[in-house]
Amino acid sequence: MLSRKLQDALNEQINREFFSEYFYLSMSAYLESVELEGFANYFNVQAQEEHFHAMKMFNFVHDKGGRVLLKALKEPRADFKSVIKLIEEALDHERYITKSINELMDIAIKENDHSVKSFLEWYVDEQVEEEATMSKLIAKLKLINGEGLGLLTLDNELLTRTFTPEA
Ligand code: OFO
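Worth saying up front: this structure is predicted, and the values here are computed from it rather than measured. (Residues numbered from 1 in each chain as written. Predicted model: local features only at pLDDT ≥ 70, side-chain atom pairs only at ≥ 80, totals over all residues. Heavy atoms only, no water.)

Draft legend 1. How the structure looks around the overall build of the protein. Summing up its helical and strand segments, the protein has five helices and zero strands in all. Each principal axis of the C-alpha distribution contributes one length, and for the protein these read about 55 × 30 × 25 Å. Within the protein, the fraction of its 167 residues that count as buried is 46%. Partitioning the intrachain contacts of the protein with sequence separation of at least 6 by distance along the chain shows that 81% fall at a separation of at least 24. (Helix = DSSP H or I, 4+ residues; strand = E, 2+ residues; numbered from the N terminus. Buried < 20%, exposed > 50% of the residue type's maximum accessible area, 1.4 Å probe, protein only. Contact = heavy atoms within 4.5 Å.)

Draft legend 2. Seen up close, the pattern of salt bridges. Scanning the entire structure with this criterion turns up seven salt bridges. Measuring nitrogen to oxygen at the nearest pair gives 3.2 Å for the salt bridge that ties Asp-8 to Arg-4. A residue pair is termed a helical-turn pair when its members lie 3 or 4 positions apart in one helix, as Asp-8 and Arg-4 do in helix α1 (residues 4–33) at four residues. Under the relative-accessibility criterion, Asp-8 is labelled partly exposed at 35%. (Salt bridge = Lys/Arg side-chain N within 4 Å of Asp/Glu carboxyl O.)

Draft legend 3. Examining the packing of aromatic side chains more closely. The tally for this structure, following the rule as stated, stands at 11 aromatic pairs. When the ring of Tyr-30 is compared with that of Phe-80, the centres are 5.5 Å apart and the planes differ by 70°; the resulting orientation is edge-to-face. Here Tyr-30, found in helix α1, pairs with Phe-80, found in the loop between α2 (37–63) and α3 (83–110); they are 50 residues apart in sequence, far enough to count as distant. There is no split in this pair, since Tyr-30 and Phe-80 are both buried. Taken together, the ring pairs in this structure connect Phe-19, Phe-23, Tyr-24, Tyr-30, Tyr-42, Phe-43 and Phe-80 into an aromatic cluster. Above the plane of the ring of Phe-19 lies Lys-74, whose end atom (NZ or CZ) is 4.7 Å from the centre. (Phe/Tyr/Trp six-rings, centres within 6.5 Å; stacked < 30°, edge-to-face > 60°. Lys NZ or Arg CZ within 6 Å of the ring centre and 35° of its normal.)

Draft legend 4. Representation of a nonpolar patch on the surface in the model. Judged by side-chain polarity, Tyr-22, Leu-25 and Leu-73 come together as a nonpolar surface patch covering roughly 260 Å² of accessible area. Structurally, Leu-25 can be placed in helix α1. (Patch = residues over 30% accessible without salt bridge, like charges linked within 9 Å, V, L, I, M, F, W, Y side chains within 5 Å. Areas by Shrake-Rupley, 256 points an atom, 1.4 Å probe, with all protein chains shown as cover.)

Laid out in structure tokens, this is it:
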């Protein structure tokens with residue numbers, strides 16, 4: 001069984017993961033509108049990953065005999081000043097998610113719930129990878145000043161990203 005406190009905290013996190021999906025889809029839509037198909041694909045795949053994160057937690061709450069309660073999603077931003085600004089915003093969002101996963105882990109530790117702790121380890125590791133990938137993308141964009149042939153080449157590279165759910 002899950003404690004009430006952990007169940008509530010997991011439900012809040014499920015909402016954040018679904019919001020992440022929605023936020024990245026909004027970014028993908030913006031990138032499509034400025035003809036950056038590769039970046040749009042990158043964020044579309046990112047949105048699919050977030051859906052996977054949300055559903056992994058959704059199923060875990062049920063496996064633990066808890067109750068999933070879905071909450072309203074807020075409206076994501078639709079306009080971004082540039083592709084660099086957009087990815088900086090995505091990185092800030094991931095840092096916020098990392099903080100919320102860490103707080104969730106703190107609750108699991110306080111409540112001495114080993115199965116929740118073990119489950120959350122996956123998210124802790126995933127956040128390291130997500131922050132690193134976005135930081136590298138920002139660094140590359142800065143190298144090419146976020147424009148010109150460099151931008152088109154990077155956009156082309158990002159067309160190849162696909163979502164592969166883990167087994
Ligand atoms: Fe991008 O983060 Fe989910 O967990």
